[in-house]
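Listed here are the chains, written in short residue letters.
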Amino acid sequence: MDLIAKLAVLADAAKYDASCASSGSTKRDSRDGVGLGSTEGMGICHSYTPDGRCVSLLKILLTNHCQFDCLYCVNRVSSNVPRARFRPAEVVQLTLDFYRRNLIEGLFLSSGIIRSPDYTMEQLVEVARALREDHHFRGYIHLKTIPDAAPELLAAAGRHADRLSINLELPTPAGLAALAPEKDAVGIRRSMARLRLLIDDAKDAGRPAAPRAGAALRPRAATPPPFAPAGQSTQMIVGADGADDRTILATSHTLYASYGLKRVYYSAFSPIPDASRQLPPHAPPLQREHRLYQADWLMRFYGFAADEIVPGPSRPGGDAGLLRLDVDPKLAWALAHPERFPVDLNTAPRELLLRVPGLGVKAVDRLLASRRVRRLRADDLQRLRVPVKKVLPFVVTADHRPRAATRDAVPATGLGRVPVQASLFDAPAAA
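Note that the structure is predicted; figures quoted are calculated from it, not measured.

**Details of unusual backbone geometry**
Negative phi values dominate among residues other than glycine, just as trans dominates among peptide bonds.
Right, so step 1: The omega torsion of the bond from phenylalanine 341 to proline 342 falls at 0 degrees, within 30 degrees of zero and hence cis.
Right, so step 2: Inspection of the secondary structure assignment puts proline 342 in the loop between helix H10 (329-336) and strand S8 (343-344).
Right, so step 3: Of note in the backbone geometry, asparagine 102 takes a positive phi value of approximately 65 degrees without being a glycine.
Right, so step 4: Overall, the relative accessible area of 58% leaves asparagine 102 in the exposed class.

**Quick look at the pairing of strand S6 (residues 232-238)**
Right, so step 1: By the criterion of burial, S6 is predominantly enclosed, with seven of the seven residues buried.
Right, so step 2: Judged by which residues are buried, S6 turns out to be covered on both faces: Gln232, Thr234, Met236 and Val238 on one side and Ser233, Gln235 and Ile237 on the other are all buried.
Right, so step 3: For strand S5 (residues 163-165) and S6, the ladder comprises two bridges, and the chain directions are parallel. Bridge pairing in S6 links leucine 164 to glutamine 232.
Right, so step 4: Note: S6 against strand S7 (residues 263-268), six bridges, orientation parallel. Bridged to serine 233 within S7 is arginine 263.

Rules behind the numbers
Residues numbered from 1 in each chain as written. Predicted model: local features only at pLDDT ≥ 70, side-chain atom pairs only at ≥ 80, totals over all residues. Heavy atoms only, no water. Helix = DSSP H or I, 4+ residues; strand = E, 2+ residues; numbered from the N terminus. Buried < 20%, exposed > 50% of the residue type's maximum accessible area, 1.4 Å probe, protein only. Pairing = 2+ DSSP bridges.

Rendered as structure tokens:
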């Protein structure tokens, strides 16, 4: 199989990994002699940095051969799909060629398990090592690590990669045991803990020690090499087992608190050919995946606890254990807690302002800065680039006080049709 044929197979096989957020774009290239660049390279995805920049990554598998038989995975050993395998040198060549053509700014590399976890991890590390040491590649590298690999291989991966990730796969150990019995939930978390220690140690070593009182100044020590400076992340499949949203968010909260993860990614289960009867016959709505990302954001940046986002058995606002699909989690929480509203924009603390539907972190910071100068009025919201129609039913200003009936009408007036995931096999609509 030639290099381009391998690329077609292994780029397609990598699309199920959500740990690298993609963006859609119109197809365009410069074959007509106008402009520079293309959006049609196989295996190229677009990821967003924390400051909002969009960067292009080559996203591929080293191989889609795998000795494991995870029921939810299209690349499992019993799956009847075309197989291919890159040599490490071929991945290095592709990365450098794409980079020189200004098509990518980095590499996202994962792999099926071949021969053994250690052998597979050695191959992944060799790609990153060759790029960094042999070719002095300074672009972004994200490696999917193998949890059962030896600790020294994980340590070597962190010396060359910007980010490492280990897939948790499923929210609960019971779900993993049922659908991927060859994988070890305890071993996955143990590898996450090892990575956290290595990342924390590298950060501590890079901080200058505080001088002792009266001590003579010493020459500054050499800065130690960074270890996975972009941290570690993981991914969970949503809808393959019976875990509800409350369980998923509780697991995410534990991962953030225990292992210092930068991101938890959620991937809606996608039915695969010749699937096991243990798997659900239909995919969950993509809106559920979207709501989980919104809820994850509330935990990370808005001060929400995992157990207060999803309605419990005796709480109003939707099915117990599941996020509402018709409204976002923040609005759902506000509607379920009318006693907390309206909020006075001129006196409320930052923690309470962050719970107002429509107010993001930046908007709250602008409001706090503005109210030091003058009392806020309803007209000020538009000048501060706040979504007025969404915010006004929940806030009090110097010249505005909403009625409870106005808040109750928010879901009915602002949502429209609940999104429904389309099927690839639906008959096309008549022209």
